[in-house]
There are 4 protein chains.
Amino acid sequence: MDGQGKNSACHTFGVVGGDERQVYLARAIAADGCPVLTSCLEKAEGLPGPVPLETLCAQADVVVLPLPASRDGKTLYAPLAAGPVPLDEGFAAHFVGKRVLGGMAGPLLASAAGWGQVDFKDYYQREELLVGNAVLTAEGAIGAAIAGHPGSINGGRCLVTGFGRIGKALCVMLRGMGAQVDCAARKPRDLTAIKALGCGPVGYGGIGGGYRFIFNTVPHLVLAAPALSKQSRDCLLIELASAPGGIDLGAAGRLGLTVRQEPSLPGRASPQAAGELIKEAVCHILEEG
Amino acid sequence: MDGQGKNSACHTFGVVGGDERQVYLARAIAADGCPVLTSCLEKAEGLPGPVPLETLCAQADVVVLPLPASRDGKTLYAPLAAGPVPLDEGFAAHFVGKRVLGGMAGPLLASAAGWGQVDFKDYYQREELLVGNAVLTAEGAIGAAIAGHPGSINGGRCLVTGFGRIGKALCVMLRGMGAQVDCAARKPRDLTAIKALGCGPVGYGGIGGGYRFIFNTVPHLVLAAPALSKQSRDCLLIELASAPGGIDLGAAGRLGLTVRQEPSLPGRASPQAAGELIKEAVCHILEEG
Amino acid sequence: MDGQGKNSACHTFGVVGGDERQVYLARAIAADGCPVLTSCLEKAEGLPGPVPLETLCAQADVVVLPLPASRDGKTLYAPLAAGPVPLDEGFAAHFVGKRVLGGMAGPLLASAAGWGQVDFKDYYQREELLVGNAVLTAEGAIGAAIAGHPGSINGGRCLVTGFGRIGKALCVMLRGMGAQVDCAARKPRDLTAIKALGCGPVGYGGIGGGYRFIFNTVPHLVLAAPALSKQSRDCLLIELASAPGGIDLGAAGRLGLTVRQEPSLPGRASPQAAGELIKEAVCHILEEG
Amino acid sequence: MDGQGKNSACHTFGVVGGDERQVYLARAIAADGCPVLTSCLEKAEGLPGPVPLETLCAQADVVVLPLPASRDGKTLYAPLAAGPVPLDEGFAAHFVGKRVLGGMAGPLLASAAGWGQVDFKDYYQREELLVGNAVLTAEGAIGAAIAGHPGSINGGRCLVTGFGRIGKALCVMLRGMGAQVDCAARKPRDLTAIKALGCGPVGYGGIGGGYRFIFNTVPHLVLAAPALSKQSRDCLLIELASAPGGIDLGAAGRLGLTVRQEPSLPGRASPQAAGELIKEAVCHILEEG
């Protein structure tokens with residue numbers, strides 16, 4: 001985790017658009033001793049004055065676009081910019097001849113033919129970023145659970161559905177908080193690994209009742225009426241998966257259960273940590289050439 | 001922890017005043033199958049209609065007053081009552097001939113001579129309640145840390161000052177969240193126990209820098225300018241101790257450090273869990289006769 | 001993990017050869033309510049009398065061979081048999097028409113052409129068995145560390161080299177024992193995951209000194225003279241990887257460091273748990289058809 | 001834990017009798033840079049040649065006697081001495097005018113009137129030593145459990161009886177190994193604290209069956225026939241308390257249960273760590289004057 005600035009020190013970085021994560025990303029690059037310019041971040045606090053995109057592109061040889069690069073395929077994801085930043089051929093043309101990195105870049109790359117000329121890498125395909133984001137999601141989910149329930153995690157029974165990156169991190173941390181944790185999964189290897197963590201392995205068909213918290217990490221329906229109807233109204237459900245998610249919201253509503261939607265936790269709850277993870281992924285990509 | 005309702009089932013309970021904890025206390029008693037009346041809780045939701053204090057005292061043989069019973073020695077602590085409830089001889093006279101339990105009861109007992117005639121016990125002297133409250137405080141503090149910092153607990157360096165009930169619970173839980181935890185204490189036995197938990201033992205004179213979070217649990221100054229000046233501005237300090245607390249607020253302010261005051265966390269962050277802890281303490285007192 | 005006997009109950013099992021793991025495997029199958037015969041386990045205690053292989057094959061429709069099925073490709077791995085069991089065409093011929101399962105079966109399958117006619121599956125390719133075995137290896141390694149060093153794991157600095165299945169389990173458990181754990185790995189994703197577990201991520205080139213225990217899980221040289229020479233003579237090294245292992249034994253010897261060879265821990269330290277894991281893997285294979 | 005040698009550096013130490021712990025104690029004092037002589041340790045390896053007691057007492061101003069100082073009240077506890085060292089007036093007379101420290105010193109001090117003239121402190125009354133020894137006992141017990149059972153701690157159900165220093169350490173470490181841990185205790189405060197650690201609180205009257213391991217830490221009968229008869233023969237009981245211990249050995253024997261007696265684990269399993277703990281306690285006593 002150390003010395004990542006070394007190789008990167010020969011670059012001048014441009015950080016363009018995005019949310020607080022990009023602000024912390026820019027600060028982390030500067031803290032490594034590299035020159036960094038920012039653009040489309042006019043409303044951000046604590047950054048040396050943003051420059052026009054032309055200026056940035058004239059000086060920077062590496063440009064970091066946000067995560068996601070675009071939500072709609074028409075504008076840059078840039079909630080801290082002075083105004084909307086349209087994705088057109090003119091925008092794409094700025095980046096020819098530079099190394100450009102961005103996250104979840106499909107809609108961006110489809111927005112203009114000019115992107116075909118750009119040396120582009122999607123840092124959100126780096127496994128270390130996905131792992132780190134999953135840990136931040138788990139921590140943010142625990143924060144949401146503490147804030148959202150009048151009871152405690154400690155001493156309570158928790159269910160995690162799914163044993164991917166986020167589910168794993170939740171199992172470890174919830175148990176570390178002193179909860180009794182069950183985790184629902186399908187693969188035998190996962191059930192064995194769940195047990196090895198000191199948690200209770202459960203098949204999706206065998207979900208019982210009495211949970212104080214349920215954390216869903218699966219993006220398709222795994223918590224339908226039969227499982228939901230076994231829970232008491234004190235149970236708080238936290239949806240962490242992307243739409244449509246794993247919780248039958250209609251059934252939950254009819255049963256009087258509370259569901260908190262908590263998408264995109266790293267950016268909202270831990271923008272500094274999330275920005276530093278992006279910085280590390282960017283450095284690894286640059287180091288690998 | 002089981003079957004505590006058994007002996008208690010022969011009592012009719014009155015729950016008077018207090019905050020959400022008293023509401024959950026009343027619900028927990030009812031869930032044990034005991035008759036329970038409430039008073040001075042008119043604004044609470046989800047309770048069967050509160051009755052006048054006279055009615056309650058006419059029927060209940062055990063009365064539970066809040067924690068604290070009174071903040072000012074002049075009125076009952078009753079933020080959910082329709083109006084202020086003065087502590088006078090008339091108030092005290094209601095309780096003669098009943099078993100009355102309340103928390104931090106000094107100001108209440110000093111408010112009227114009539115309390116000398118009442119069979120009163122302070123449940124806040126029960127060690128199991130103090131231990132349980134410390135755990136809720138630690139969990140609430142972790143919630144405050146997650147909510148209050150753009151970085152993460154996981155992977156971060158944390159300092160806990162003090163190794164009493166709250167400090168111990170924090171060491172265990174923060175480590176369980178994947179932090180690197182140091183704990184400052186004075187007694188050699190505590191330093192040994194800190195190390196045994198896998199945390200780093202530190203004397204108060206040897207506090208270093210580089211912490212992302214500092215949790216103070218000591219009610220007198222232990223974090224003065226020399227220790228504070230070693231921290232970066234990214235460090236979040238959380239004050240958990242009662243006034244005056246352990247952090248030199250003036251020095252922290254001059255150094256640009258952020259201090260969050262987080263007193264009375266169990267009642268604010270976990271009123272259900274806190275109310276159930278009070279119920280358990282009350283049951284233990286009744287069982288012991 | 002439950003009800004695995006259900007589908008299996010329609011089978012008659014034959015358990016042939018192997019060590020204590022096979023004995024516990026046979027007991028676990030019987031505890032599930034299935035008929036089970038054993039052969040080539042004459043010296044085992046607590047088993048209903050072993051039968052000749054012919055008898056077993058006449059009755060059983062599923063036969064479980066040991067892990068490994070053979071060490072030398074010439075005889076069955078059968079340390080508890082009355083005598084050596086040669087692997088020849090006659091041996092293979094017994095199993096035609098049956099479902100046969102064995103572990104690390106390469107040498108066995110190469111021993112006779114007849115195996116081409118047998119419906120054979122290698123259960124050691126089941127991920128749940130590999131995961132479970134890794135956990136048993138980690139626990140056995142901790143037992144070896146406690147038994148082999150006059151100091152304690154608790155409060156000590158430990159290094160784990162490698163972050164595969166065994167390395168992961170060691171990181172979690174050693175930290176759970178109250179150690180300060182570093183883990184050396186190469187991939188950025190692993191370094192991130194190591195940090196997320198609250199352990200210290202280290203590159204192989206950056207291994208420092210001062211460890212009380214070093215656990216190697218990498219089967220090729222990762223601990224050479226430069227890293228070894230930084231350790232004190234109080235450091236105990238435990239080699240868990242298969243030959244040639246990751247520790248330069250010559251350098252360790254010259255430096256006066258102690259290296260414990262601890263291969264095949266699950267079978268030696270936890271034969272019951274290991275046998276039950278094999279049983280589960282066998283049941284999963286049968287359930288999948 | 002740092003710099004303890006500083007104040008101690010002005011002393012010349014004599015280390016007399018005892019087992020391997022005293023050897024490591026002497027080495028730790030020497031590593032702090034203090035002169036140290038040894039006596040009654042002739043059979044120990046790796047020590048600079050022991051000197052006669054007269055020589056030692058002529059030079060040392062602080063003398064550390066073993067833990068225990070004497071088992072029988074007639075001879076020094078000195079299994080590594082060339083021969084028995086009788087406790088008579090002549091022995092006591094050596095120590096007049098010196099600071100002498102020993103552990104569990106009752107029988108020693110009763111052995112000769114001359115001890116009344118000696119400046120003596122019992123270091124085994126230091127809480128930090130008792131806490132540290134409890135942790136070593138817990139770790140040694142886990143080692144005994146791993147070595148003594150063909151199943152695993154990980155994923156298994158464990159019962160700890162008693163929630164004193166050793167019970168607390170066992171709860172934390174066993175859970176850290178991935179076990180499901182119940183702990184039996186009597187006091188409500190302990191049951192609350194057990195739950196807060198993520199373990200299951202149990203009253204002594206409510207001990208159920210199905211444990212893989214039972215660790216007793218209570219020195220009087222708490223595991224009698226009713227509780228023992230609920231366990232399967234796979235259950236391993238480990239007795240850690242001093243005689244008579246908490247397990248009804250007769251009942252256990254009739255039920256076919258295995259009981260391992262594991263007294264005095266720190267000295268046997270972790271003499272280095274135990275010796276260093278004694279050294280720290282001695283230094284604290286000297287620092288306090």
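Rules behind the numbers
- Residues numbered from 1 in each chain as written.
- Chains lettered and ligands numbered in written order.
- Predicted model: local features only at pLDDT ≥ 70, side-chain atom pairs only at ≥ 80, totals over all residues.
- Helix = DSSP H or I, 4+ residues; strand = E, 2+ residues; numbered from the N terminus.
- Contact = placed C-beta atoms within 7 Å.
- Pairing = 2+ DSSP bridges.
- Axes fitted to C-alpha atoms, helices over the stretch in contact; angles between N-to-C directions.
- Domains from an automatic or database assignment.
- Parallel < 35°, antiparallel > 145°, perpendicular 65-115°, else oblique.
- Nonpolar A, V, L, I, M, F, W, Y, C, P; charged D, E, K, R; others polar.
- Least-squares fit on C-alpha atoms with pLDDT ≥ 70 in both.
- Buried ≥ 20, exposed ≤ 12 C-beta atoms within 10 Å, placed from the backbone.
- Expected span 1.5 Å × (residues − 1).
- Right-handed = clockwise from strand over helix to strand, strands pointing away.
- Left-handed = near helix turned anticlockwise from the far one by under 90°.
- pLDDT = per-residue confidence, 0-100.

This part is about the overall build of chain A. The number of helices and strands found in chain A is 12 helices and 11 strands. Each principal axis of the C-alpha distribution contributes one length, and for chain A these read about 60 × 40 × 35 Å. Once local pairs closer than 6 in sequence are excluded, the contacts in chain A between residues at least 24 apart make up 60%.

Our next topic: the sheet that holds strand β6 (residues 157-161) of chain D. Residue and element names in this part refer to chain D. Taking strand neighbours across the sheet as the criterion, the 6 strands line up as β8-β7-β6-β9-β10-β11 in an open arrangement whose pairing is parallel. Looking along the sheet, the strands with just one partner apiece sit at the ends: β8 (200-202) and β11 (258-261). Taken over all neighbouring pairs, the strand axes of this sheet differ in orientation by 20 degrees on average, direction set aside. Judged from the 3 bridges that link them, strand β7 (residues 180-184) and β8 form a sheet pairing that is parallel. Residue pairing across strands places Asp182 opposite Gly200, the latter belonging to β8. Across the sheet, helix α6 (residues 127-148) lies against β9 (213-216), β10 (236-239) and β11, angled at about 150 degrees from β10, the strand it touches most.

Our next topic: the interface of chain A and chain B. Counting residues at the interface gives 25 residues for chain A and 25 residues for chain B. Those elements that provide at least two residues to the side of chain A that touches chain B are α2 (20-31), α6 (127-148), α7 (165-176) and α12 (271-288) of chain A. Per-element tally for the side of chain A that touches chain B: the top contributor is α6 of chain A, with 8 residues.

The subject of this paragraph is the domain arrangement of chain A. What the domain assignment lists for chain A is domain 1 (5-125) and domain 2 (134-267). Put simply, the middle of domain 1 of chain A and the middle of domain 2 of chain A, counted by C-alpha atoms, are 35 Å apart.

With that settled, consider the packing of helix α7 (residues 165-176) of chain C against helix α7 (residues 165-176) of chain D. Two elements in contact, α7 of chain C and α7 of chain D, have axes whose closest approach is 7 Å; the angle formed by their N-to-C orientations is 175 degrees. It follows that α7 of chain C is roughly antiparallel to α7 of chain D by the angle criterion. Each of Met173, Arg175 and Gly176 of chain C in α7 of chain C lies in contact with α7 of chain D, whose residues at this interface are Met173, Arg175 and Gly176 of chain D. The residue inventory of the contact of α7 of chain C with α7 of chain D, partitioned by class, reads 2 nonpolar, 2 polar and 2 charged.

Time to look at the relation of the copies chain A and chain B. Of the two same-sequence chains, chain A is brought onto chain B (RMSD 0.0 Å, axial shift 0.0 Å) by a rotation of 180 degrees. The superposition of one copy onto the other is thereby described by a two-fold rotation axis. It is Gly176 of chain A whose C-alpha, among those of chain A, lies nearest the rotation axis, at 1.8 Å. Comparing contact sets, 100% of the residues at the interface of chain A also lie at the interface in chain B, consistent with an isologous, same-surface contact.

So, on to the environment of Asp119 of chain B. All names here are of chain B. With respect to the secondary-structure elements, Asp119 resides in strand β5 (residues 119-122). Note on Asp119: 12 C-beta atoms within 10 Å, which makes it exposed. As a C-alpha pair, Asp119 and Gly253 span 134 residues in sequence and 48 Å in three-dimensional space. Not counting the four nearest positions on each side in its chain, Asp119 is found in contact with Lys98, Arg99 and Val100.

The next thing to look at is the sheet that holds strand β7 (residues 180-184) of chain A. All names here are of chain A. Spatial strand order, β8-β7-β6-β9-β10-β11: 6 strands in an open sheet with parallel pairing. The sheet terminates laterally at β8 (200-202) and β11 (258-261), the two strands that pair on one side only. Between one strand axis and the next, the sheet turns by 20 degrees as a mean value, whatever way the strands run. Here 4 bridges tie strand β9 (residues 213-216) to strand β10 (residues 236-239), and the two strands are oriented parallel to one another. Its bridge partner lying in β10, Ile214 is registered against Leu237. Strand contacts of α7: β6 (157-161), β7 and β9, with the helix running at about 165 degrees to β7, the strand carrying the most contacts.

Further remarks concern unusual backbone geometry. Outside of glycine, negative phi angles account for most residues, and trans bonds account for most peptide bonds. Residue and element names in this part refer to chain B. Cis geometry is found at the peptide bond from Leu67 to Pro68, where omega equals -5 degrees. Checked against the element boundaries, Pro68 lands in the loop between β3 (62-64) and α4 (89-93). Ala243 connects to Pro244 through a cis peptide bond whose omega is 5 degrees. Residue placement: Pro244 occurs in the loop between β10 (236-239) and α10 (249-254). Positive phi is not limited to glycine here, since Cys40 has a value of about 60 degrees. For Cys40, the location among the structural elements is in the loop between β2 (36-39) and α3 (53-59).

Of the residues lining the interface, 10 residues belong to chain D; the matching set on chain A comes to 10 residues. The residue inventory of the side of chain D that touches chain A, partitioned by class, reads 3 nonpolar, 5 polar and 2 charged.

Residues and elements named next belong to chain B. Given a rise of 1.5 Å per residue, 12 residues ought to cover 16 Å, and the 17 Å separating the end C-alpha atoms of helix α7 (residues 165-176) matches this to within 8%. With 12 of its 12 residues buried, α7 lies for the most part within the structure. Buried residues of α7: Arg165, Ile166, Gly167, Lys168, Ala169, Leu170, Cys171, Val172, Met173, Leu174, Arg175 and Gly176, and no others. In the segment just after α7, Gly178 is the residue with positive phi, at about 90 degrees.

This paragraph deals with the pairing of strand β2 (residues 36-39) of chain D. Each regular strand displays side chains that alternate between the two surfaces of the sheet. All names here are of chain D. Going residue by residue along β2, you find Val36 and Thr38 tucked away on one face and Leu37 and Ser39 tucked away on the opposite face as well. When strand β1 (residues 13-16) meets β2, the two strands line up parallel, connected through 4 bridges. Counterpart to Gly14 in the pairing with β2 is Leu37. What joins β1 to β2 is helix α2 (residues 20-31), and the crossover it makes is right-handed.

This paragraph deals with the environment of Cys34 of chain B. By the element assignment, Cys34 of chain B lies in the loop between α2 (20-31) and β2. Separated by 23 residues in sequence, Cys34 of chain B and His11 of chain B place their C-alpha atoms 6.8 Å apart.

Turning our eyes to something else, we now look at the packing of α2 of chain B against helix α12 (residues 271-288) of chain B. Residues and elements named next belong to chain B. Orientation of α2 relative to α12, taken along the N-to-C sense of each, is 60 degrees, at an axis distance of 7 Å. Considering the angle they form, α2 stands oblique to α12. Of the two possible hands of crossing, α2 and α12 adopt the one that is right-handed. Residue-level contacts link Glu20, Arg21, Gln22, Val23, Tyr24, Leu25, Ala28 and Ile29 of α2 to Pro271, Gln272, Ala274, Gly275, Glu276, Ile278 and Lys279 of α12. Counted by class, the contact of α2 with α12 contains 8 nonpolar, 3 polar and 4 charged residues.

With that out of the way, let us pick up the confidence of the model for chain A. All names here are of chain A. When pLDDT is averaged across chain A, the result is 95; 97% of the residues are at 70 or more. Across residues 1-8, confidence stays below pLDDT 50; counting only partners more than four residues off in sequence or on other chains, it has 14 contacts. Two numbers describe this predicted complex: its pTM, 0.94, and its ipTM, 0.93.

Before going further, it helps to examine helix α8 (residues 188-196) of chain A. Burial analysis of α8 of chain A places 9 of its 9 residues in the buried class, which makes it a mostly covered element. Turning to α8 of chain A, its buried residues number three or more, namely Pro188, Arg189, Asp190, Leu191, Thr192, Ala193, Ile194, Lys195 and Ala196 of chain A. Buried positions along α8 of chain A lie against α7, β7 and β8 of chain A together with α6 (127-148), α7 and α12 (271-288) of chain C. Gly198 of chain A sits one or two residues past α8 of chain A and shows a positive phi near 85 degrees.

Attention now goes to the environment of Ala60 of chain A. Residues and elements named next belong to chain A. As for its position among the elements, Ala60 is in the loop between α3 (53-59) and β3 (62-64). Each C-alpha atom of the pair Ala60 and Phe13 lies 5.1 Å from the other, and the pair is 47 residues apart in sequence. Sequence-distant contacts of Ala60, that is, excluding residues within four places in its chain, are made with Thr12, Phe13, Gly14, Leu37 and Lys98.

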